[in-house]
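Fold and contact review
Okay, here's what each chain looks like letter by letter:
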Amino acid sequence: MPAYKPPHIPSSEITPEHIYLKRRTLLAAGLAAGATFVTGAGSGEANAATLTQAEALKTVPGPFPKPKRAETSFEDVTNYNNFYEFGTGKADPSRNSGRFQPYPWTFEIGGMVQKPQTVDIETLMTKFPLEDRVYRMRCVEAWSMVIPWVGIPLKSIIDMAEPTGSAKYVAFEGVVRPKEMPGQSGFGQPMPWPYVEGLRLDEANHPLTIIAVGLYGKTLLNQSGAPMRLVVPWKYGFKGIKSITKITLTDTQPPNSWNLLQPNEYGFYANVNPNVPHPRWSQATERVIGEDGGLFGGGKRIDTLMFNGYGDEVASLYAGMDLAKYY
Ligand code: MTE
């Protein structure tokens, strides 16, 4: 296997606003004419056809203050990933996702709702203001990053479908495209597809929960879950399902991929909790990606905070629950 070398992200990829505005006009015209936008290679390669992927997003500031820790570099955020559809190594998603074509993209929202519908993500991005939200992220493997996401509150999307009174949970499904996703074809596939996840409805409706469509002011690269992925900053990263195709309101607790695979190691709740160790390692500290030692190096360790530092906002969701039992 060749030695891993992170790709260089040219500054020309940061699209100035006038081009962004022009693209919005193009998009509106394209939608009117029934045209679709085609994207080319993933992983940071911009060319004339990659209108959506290369493009800067117009955002408004999100409602939460920035975390105190420094933002992880774009390069680290997009070259150290988990996305098993492209392979199980941390460098596989950036290396193997070039064939994935996330645009045009529609997803379904249905189940216990009054208005089930198929939604086009680019139309959605023009319907809601895109918010800048800088969140601390913590992985169950004990590393952490601070990521400037661009997202839409999940609640706004759920409300479009008008959930019925019986809906208690939200189930999510990822994408199945073996021709574009090498981790989904051939022998030795790591898990059953699609990747699935779930939240309680109150967690899904919490103002911290977003569907991210971008980071660092640009649309998501394939390895980060283009064109839309879940971000729940008080939970371990595996809850953040990428490349979502289906959102279903239900009255029963939905399955989640890691719990299906290893129920004694990964629960449904997955709240960041320094007091409840993973069966094979402590969760009391975390390695800060990008500080001291580089991407694949030792890294600086800091204490992990309860609910990843978002306790003031979310602790009340779990009042009276034994979080060692509901991990
Ligand atoms: N979503 C899909 N569809 N497939 C995956 O393999 N991995 C999860 C989650 N979402 C995964 C996924 C895991 S284990 C983690 S830690 C996060 O994505 C990683 O997100 P990041 O690469 O943006 O840091």
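Report follows, based on the coordinates. Fair warning: this is a prediction, and the values are worked out from it, not measured in the lab.

Bringing the overall build of the protein chain into the picture now. A count of helices and strands for the protein chain gives 8 helices and 13 strands. Counting the 327 residues in the protein chain, one finds 53% classified as buried. For the protein chain, restricting intrachain contacts to residue pairs at least 6 apart in sequence, the fraction spanning at least 24 positions comes to 72%. Summed over its atoms, the accessible surface of the protein chain is roughly 14,100 Å², and 57% of this surface lies on carbon and sulfur atoms.

Moving on: the site of the ligand. Inspection of the region around the ligand gives 14 residues, with Asn81, Tyr84, Glu85, Gly240 and Lys242 positioned closest. The contact in question runs from an oxygen atom of the ligand to an N or O atom on the backbone of Tyr84, over 2.7 Å. Burial of the ligand by the protein chains amounts to 95% of its free accessible area of 530 Å². Most atoms of the ligand, that is more than half of them, are within 2 Å of grid points of the largest pocket. The residue makeup of the shell around the ligand, split by class, is 7 nonpolar, 4 polar and 3 charged.

For the rest of this paragraph, the subject is the nonpolar core. Formed by 78 residues in total, the largest nonpolar core has its most connected members in Leu124, Trp149, Leu154, Phe172, Leu230, Trp234 and Ile247. For this core, the element with the highest residue contribution is strand E5 (residues 143-153), accounting for 6 residues. The residues contacting Leu124, other than those within four sequence positions of it, are Phe107, Val119, Ile152, Ile157 and Met160.

For the rest of this paragraph, the subject is the pairing of E5. The element E5 is largely enclosed, with a buried count of 11 among its 11 residues. Bridge analysis of strand E4 (residues 130-138) against E5 gives 8 bridges, and the strand direction is antiparallel. From the neighbouring strand, Val134 faces E5, where its bridge partner is Pro148. The hairpin formed by E4 and E5 contains 4 residues between the paired strands, and Ala142 there has a positive phi angle of roughly 75 degrees. Summarising the sheet, E5 and strand E8 (residues 210-215) pair through 5 bridges and their orientation is antiparallel. From the neighbouring strand, Gly151 faces E8, where its bridge partner is Ala212.

Basis of the calculations
Residues numbered from 1 in each chain as written. Predicted model: local features only at pLDDT ≥ 70, side-chain atom pairs only at ≥ 80, totals over all residues. Heavy atoms only, no water. Helix = DSSP H or I, 4+ residues; strand = E, 2+ residues; numbered from the N terminus. Buried < 20%, exposed > 50% of the residue type's maximum accessible area, 1.4 Å probe, protein only. Contact = heavy atoms within 4.5 Å. Areas by Shrake-Rupley, 256 points an atom, 1.4 Å probe, with all protein chains shown as cover. Near = heavy atom within 4 Å. Polar contact = N/O pair within 3.5 Å; in protein donor to acceptor, adjacent residues only side chain to side chain. 1 Å grid on protein atoms, 1.4 Å probe; cavity = no way out; pocket = protein on both sides within 12 Å on 5 of 7 lines; lining within 4 Å. Sits in = over half its atoms within 2 Å of the grid points. Nonpolar A, V, L, I, M, F, W, Y, C, P; charged D, E, K, R; others polar. Core = buried A, V, L, I, M, F, W, Y, C linked by side-chain atoms within 4.5 Å. Pairing = 2+ DSSP bridges.

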